[in-house]
Amino acid sequence: MFIKPLLQEKGVLHFTLIDPDKQSPQKAAEVAARAEACGSDGIMIGGSTAGYDDTNRTTEAIKENCKLPTILFPSNTEGISEKADYIFWMMLMNSLNRRFLVEEQMKAAPIVKKLGIKTVPMGYIVVSTSERQTTVERVGNVDRIMTEDIDKLIAYALTAQYYGMECIYLEAGSGADFPIPPKMVNVAKNNLDIPVIVGGGIRDPVTARNAVSAGADVVVTGTISEKNLGMFEKIVLAIKD
């Protein structure tokens, strides 16, 4: 277990997502150090195309400059690094492609076993909040969950819980037009016994606070930590308030 003990210790959590494809390892390490100073609770490392070399160098640089736990958030087997503390062992619950349900996991399992990385089982659910499909929707070939599809969302979320997942992640996708609606977060929280992680489209403290008020246990932000440190700090403070 990883998420629940951390929640018991610190209350609502903030994780910073760093994509190895978007900056050098040195820059990623700087972002992680700033995130730690601002009060973030963990560093997620992953991207849609990040390979082993970039992921490994980035994870190593972050570990040298930041004491926060590092959690791999891989899109495929190439996004694994023996330098990380944990890996989100996830299933894209609403994917229509077997690759994201079990095939990538089968490839990665022997590697994770050999490297001894601690797994955090997670049900990953992508919600469509944008007019156009986000990259994760398109690449993941998802069964689209629109913002009014509450029953479908809960069905996928409960499936993840009954599979024994430690948490679920409600994701709007990188660059999403809008965040996950608070109503969706609230209904998920009220129907589950596992922590709810929320990310995508969170660019200001009001949106972050709305997610927490609706029941989010963990809020994830990515791009804002690289582009606007002042706003990033406000977001973390709003989550922790």
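Look up: the structure comes first, before these words.
Cut-offs applied
Residues numbered from 1 in each chain as written. Predicted model: local features only at pLDDT ≥ 70, side-chain atom pairs only at ≥ 80, totals over all residues. Heavy atoms only, no water. Axes fitted to C-alpha atoms, helices over the stretch in contact; angles between N-to-C directions. Helix = DSSP H or I, 4+ residues; strand = E, 2+ residues; numbered from the N terminus. Parallel < 35°, antiparallel > 145°, perpendicular 65-115°, else oblique. Left-handed = near helix turned anticlockwise from the far one by under 90°. Contact = heavy atoms within 4.5 Å. Nonpolar A, V, L, I, M, F, W, Y, C, P; charged D, E, K, R; others polar. Phe/Tyr/Trp six-rings, centres within 6.5 Å; stacked < 30°, edge-to-face > 60°. Buried < 20%, exposed > 50% of the residue type's maximum accessible area, 1.4 Å probe, protein only.

(A) Representation of the packing of helix H7 (residues 182–191) against helix H8 (residues 205–214). Here H7 crosses H8 at 30°, and the two axes come no closer than 8 Å. Taken together, the axes of H7 and H8 are roughly parallel relative to one another. Crossing of H7 over H8 shows right-handed handedness. On the side of H7, the interface is formed by Pro-182, Val-185, Asn-186 and Lys-189, while H8 contributes Asn-210, Ala-211 and Ala-214. When its residues are assigned to classes, the contact of H7 with H8 shows four nonpolar, two polar and one charged.

(B) The arrangement of the packing of aromatic side chains in detail. Under the counting rule described, the total for this entry stands at six aromatic pairs. Seen from their ring centres, Phe-73 and Tyr-169 are 5.6 Å apart, and the 40° between their planes marks the pair as tilted. You can see Phe-73 sitting in the loop between strand S3 (70–72) and strand S4 (86–92) and its partner Tyr-169 sitting in strand S6 (residues 167–171), a full 96 residues away along the chain. Of the residues examined, Phe-73 reaches a relative accessible area of 9% and is grouped as buried. The buried category is assigned to Tyr-169, whose relative accessible area is 1%.

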